[in-house]
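This is what each chain is made of:
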Amino acid sequence: MTATSKPLLERRDVAVLVPAAGQGLRLGGDVPKALRDLHGQSLLVHCLRALAAAPSVGLIVVAAPAAHLGAVRAQLPEATVVEGGSTRQESVSNALAAVPASFEIVLVHDAARALTPPSLIEAVAAAVRTGHDAVIPVLPVVDTIKQLSPDGHVLTTVDRSQLGAVQTPQGFRRDLLTKAHATATDAHTDDAGLVERMGLPVFTVPGHPEALKITTPFDLLIAESILRSRN
Ligand code: CTP
Ligand code: MG
């Protein structure tokens, strides 16, 4: 490794915001999704382990369900835990407000992507560090995608080669993320969407299949087999 590439790694200069305050309605069950068990640990604990294994990460701020703040703080003594909001965007804003000014790079990472490899976290952080102010991991779309009418008929087939399935962590120069959230006027399902709305570029890096978002009971089965394959 050369002297100039060394600073790209292992700096602990990255703060990670973890929106974890969702209900998990599509997964079902009687606890919020981030607290659901997977092989003896909550999804949130799996997620935090992956983040802690990434050498760049120096701070983790979790936005937790209001009713479970105490439980989450007890599970995650190494993280800063704040109360989540009624939307993902609000949860991210709450977590961002708790990041000290010394962190210039901020990643936003869904608790639901609990098995994300540390290498992907590092790849996103490195891309921000090399000068991309907004970075997202993207996987190719494998299914044929069609636009549908409300009554269930096909309107058109979309050109799949121009599409990407977007994951987290998404990485940002901190000033940009702060401005994007402060000036948001509408709802977005990810943070890069707020940057796109400002007319600013968003860079992509290759995503990872194991960074899947655990959304449905079927995804939990996939997550279980990923864990089995690692052990
Ligand atoms: N999230 C959050 N605050 C909210 C809503 C969502 O912090 N008010 C978080 C979730 O905890 C999750 C991430 O945003 O880690 C992505 O959201 P999603 O996968 O949709 O999770 P849920 O909203 O919990 O699930 P569902 O939409 O099925 O209810
Ligand atoms: Mg949701």
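Since the model is a prediction, treat every value here as computed from it, not as a measurement.

## Observations regarding the overall build of the protein chain
A count of helices and strands for the protein chain gives seven helices and 12 strands. A globule of 231 residues ought to have a C-alpha radius of gyration of about 17 Å, and the protein chain, at 18 Å, matches this closely. In terms of its C-alpha atoms, the protein chain occupies a principal-axis envelope of roughly 55 × 40 × 40 Å. When each of the 231 residues of the protein chain is scored for burial, the buried share is 45%. Mean positive and mean negative side-chain charge positions of the protein chain (20 and 22 charges, respectively) differ by 3 Å.

## Describing the site of ligand 1
In the vicinity of ligand 1, 18 residues are found, and the nearest of them are Pro 19, Gly 24, Leu 25, Ser 91 and Lys 213. Within the side chain of Lys 33, one N or O atom sits 2.9 Å away from an oxygen atom of ligand 1. In the model, a nitrogen atom of ligand 1 is placed 3.0 Å from a nitrogen or oxygen of the Gly 85 main chain. If ligand 1 stood free it would expose 570 Å²; the protein chains cover 86% of that surface.

## Remarks on the environment of Asp 133
Here Asp 133 is to be found in the loop between α4 (118-129) and β7 (134-140). Discounting chain neighbours no more than four positions away, the residues touching Asp 133 are Gly 171, Phe 172, Arg 173 and Leu 176.

## Points about unusual backbone geometry
Note the cis peptide between Thr 168 and Pro 169, where omega equals 10°. As for its position among the elements, Pro 169 is in the loop between β10 (164-166) and β11 (170-173). The backbone phi angle of Arg 12 is positive, close to 50°, even though this residue is not glycine. Among the structural elements, Arg 12 can be located in the segment before β1 (14-19). Under the relative-accessibility criterion, Arg 12 is labelled partly exposed at 45%. Of note, the phi angle at His 39 is positive, near 55°, even though the residue is not glycine.

The rules behind each value
Residues numbered from 1 in each chain as written. Chains lettered and ligands numbered in written order. Predicted model: local features only at pLDDT ≥ 70, side-chain atom pairs only at ≥ 80, totals over all residues. Heavy atoms only, no water. Helix = DSSP H or I, 4+ residues; strand = E, 2+ residues; numbered from the N terminus. Rg over C-alpha atoms; globule rule 2.2 N^0.38 Å. Buried < 20%, exposed > 50% of the residue type's maximum accessible area, 1.4 Å probe, protein only. Lys, Arg positive; Asp, Glu negative; His and termini not counted. Charge placed at Lys NZ, Arg CZ, Asp CG, Glu CD. Near = heavy atom within 4 Å. Polar contact = N/O pair within 3.5 Å; in protein donor to acceptor, adjacent residues only side chain to side chain. Areas by Shrake-Rupley, 256 points an atom, 1.4 Å probe, with all protein chains shown as cover. Contact = heavy atoms within 4.5 Å.

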